[in-house]
Amino acid sequence: MTKQAVRVRNLSGIVLTEVDVGENVLVAITYVDRGKGDPRNIKAVVTGKEEHGYQRGIKDGILLALYTRNQFQLSDSNFIAIQSKNDMCIALVISPLTSLMRTQTQALNRKGIKAVYLKDITSPSNFEDSLTNLSLVDVKEGKIDIIFSSPESLIGHERKLLLDLAKKNFIKTVFVDEAHCIKKFGLPDKKKKKLAYRPCYGRLDEIRSLVGGHVPVVALTATATEETKAVIKKQLCMDNCSEIMVNPDKKNVTYWVHNLPSDDICTNFPPADVSIIVIS
């Protein structure tokens, strides 16, 4: 009892220092989980810090639970490094338009960037038309640079795939393209008593939960009012986010109003006067 009391006294006087991402630590294995002859500790690497604890990884993947500082000790040697290869670093892009995602995927692949439109490789009917040699196996192994997907796929039938990629710490960033769709399509219109057109856009906070709070989220839009921006921040749980605003004034685009002399569009806009006509 005396030895135990001395040990407890000594431990109580230890000041635990902060641990940085990338440092190796020793995690004690409890007697219940340890067999005869098994090591008392397992070596891990700190992969992230959150408000309520540290995230740690071993050679087989990321440990799901968060650990407080008193649940591990620093190792005096570093044998495990955080994997930083490009094939283990995936950017997830959420977009509303299938045609746009396919076009961007093909353009990126021509530049040597490994990109896939998720539905093309998970749906047999779409795979033949996907114009890519990448497969679902490549995605599961983290051998992809960019994944394009709709919110319906990620929240629906590909939810488990997303969770598996997150557990392996493959998802490094989430981009929400055309983020104004969150308000436009994802939420019901209470005044007009209309249901949401694409309700999964109103559930993107679930994707934040699946990939983990340590994964940064970037919302992109060119048409958001102050009210829409507030909705986007709320729905994506972006309480203390950084906001970058760029002047939309483009020198090569001109807006003008003109009285039309005729109902014939070809008469009003001869081919020599304009290259693009937009009618809404």
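The preceding data block contains the structure.
Parameters at a glance
Residues numbered from 1 in each chain as written. Predicted model: local features only at pLDDT ≥ 70, side-chain atom pairs only at ≥ 80, totals over all residues. Heavy atoms only, no water. Salt bridge = Lys/Arg side-chain N within 4 Å of Asp/Glu carboxyl O. Helix = DSSP H or I, 4+ residues; strand = E, 2+ residues; numbered from the N terminus. Buried < 20%, exposed > 50% of the residue type's maximum accessible area, 1.4 Å probe, protein only. Lys, Arg positive; Asp, Glu negative; His and termini not counted. Contact = heavy atoms within 4.5 Å.

## Thoughts on the pattern of salt bridges
Right, on to step 1. Within the structure shown, the criterion is met by nine salt bridges.
Right, on to step 2. Here Arg-102 ties to Asp-120 by a salt bridge, and the two come within 2.8 Å at their closest N and O atoms. Of this pair, Arg-102 sits in helix H2 (residues 98-110) while Asp-120 sits in helix H3 (residues 118-122); the two residues are 18 residues apart in sequence, bridging distant segments of the chain.
Right, on to step 3. Of the residues examined, Asp-120 reaches a relative accessible area of 3% and is grouped as buried.
Right, on to step 4. Across the pair Lys-233 and Glu-243 runs a salt bridge whose closest N-O atoms are separated by 2.8 Å. Taken as a pair, Lys-233 in helix H10 (residues 226-235) and Glu-243 in the loop between H10 and helix H11 (265-268) lie far apart in primary sequence, 10 residues in all.
Right, on to step 5. By relative accessible area, Glu-243 is classed as partly exposed at 40%.
Right, on to step 6. The network of salt bridges with common partners includes Glu-226, Lys-229, Lys-233 and Glu-243.

## Let's talk about the side chain of Glu-158
Right, on to step 1. Mapped onto the secondary structure, Glu-158 falls in the loop between helix H6 (151-155) and helix H7 (159-167).
Right, on to step 2. No salt bridge forms around the buried Glu-158; measuring N to O, its nearest opposite-charge neighbour Lys-140 is 7.7 Å away.
Right, on to step 3. Ignoring anything within four residues of it in the chain, the contact list for Glu-158 reads Leu-118, Thr-122 and Ser-153.

## Structural notes on the side chain of Ser-150
Right, on to step 1. The topology assignment puts Ser-150 in the loop between strand S8 (146-149) and H6.
Right, on to step 2. Judged by its relative accessible area of 10%, Ser-150 is buried.
Right, on to step 3. With near-sequence residues (within four places) excluded, Ser-150 lies in contact with Ile-94, Ser-95, Met-101 and Arg-198.

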